[in-house]
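# Remarks on the overall topology
For reference, the chains in residue letters:
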Amino acid sequence: MDEARAAHEGFVPVDLAALAAEVTRERAPQALRVGLELALETEGTEPAVVAGSPVLLREVLLNLIDNAARYAAPGTATLRVGSEAATVRLVVEDDGPGIPPERIADALTRFRRGADGGGTERTGFGLGLPICRDVVLHHGGELELSERPGGGLRVTATLPRAEALIPPAPAPRQDAPPDAGR
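Because the structure is a prediction, the values reported are computed rather than measured. (Residues numbered from 1 in each chain as written. Predicted model: local features only at pLDDT ≥ 70, side-chain atom pairs only at ≥ 80, totals over all residues. Heavy atoms only, no water.)

### A word on the pattern of salt bridges
Applying the stated criterion to the full structure yields eleven salt bridges. Between Glu 22 and Arg 58 there is a salt bridge, with the nearest N and O atoms lying 2.9 Å from each other. In this pair, Glu 22 sits in helix H2 (residues 16-33) while Arg 58 sits in helix H3 (residues 54-71), placing the two residues 36 residues apart along the sequence. Under the relative-accessibility criterion, Glu 22 is labelled partly exposed at 39%. Between Asp 66 and Arg 27 there is a salt bridge, and its shortest N-O distance comes to 3.3 Å. (Salt bridge = Lys/Arg side-chain N within 4 Å of Asp/Glu carboxyl O. Helix = DSSP H or I, 4+ residues; strand = E, 2+ residues; numbered from the N terminus. Buried < 20%, exposed > 50% of the residue type's maximum accessible area, 1.4 Å probe, protein only.)

Spelled out as structure tokens, the structure:
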């Protein structure tokens, strides 16, 4: 078994759009309590299915929503799930203070935080975004932090679609004997 295949052993097809909808519904009441309005948008015509661990991918979604609630509230956060030919993209944007470009590397380093929450004291250990990055990398993807146009943070996770990671089942043998009952 090759190394890439071994790294993804045990992964199952995960509909990232459905998982994002479930997590958004689950977290909406808590977000509203702190003044964060959550929105979910889906884009593309291809299924947003990745090969992965539903538990780990759920943790990524939870961490990103919790970060938005911590730093953008009161405000808005939008989760956007879209698919293209070979990739599925998850984008979480908020209208909080964002992270200055010179601090983005800090935000992806364990136990270091990239933003101060707009000058207000925020709790946390600086593990959420590094964990998200590690999970996305484990799934064969990439995680990027950038400034949202108009201010705020944009987190983009790009993952390979399930078809790109899981080879198709072997085709039936062509030399099989014809069905005698026909």
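### Quick word on the confidence of the model for the protein
The predicted structure's coordinates, where accompanied by low pLDDT, should not be read in detail. The predicted model of the protein has a mean per-residue pLDDT of 82, with 74% of residues at 70 or higher. Predicted confidence for residues 1-6 stays below pLDDT 50, and this span has five contacts to residues more than four positions away or in other chains. Low pLDDT (under 50) marks residues 116-121, which in the prediction has six contacts with non-local residues, meaning those over four places away or in another chain. (pLDDT = per-residue confidence, 0-100. Contact = heavy atoms within 4.5 Å.)

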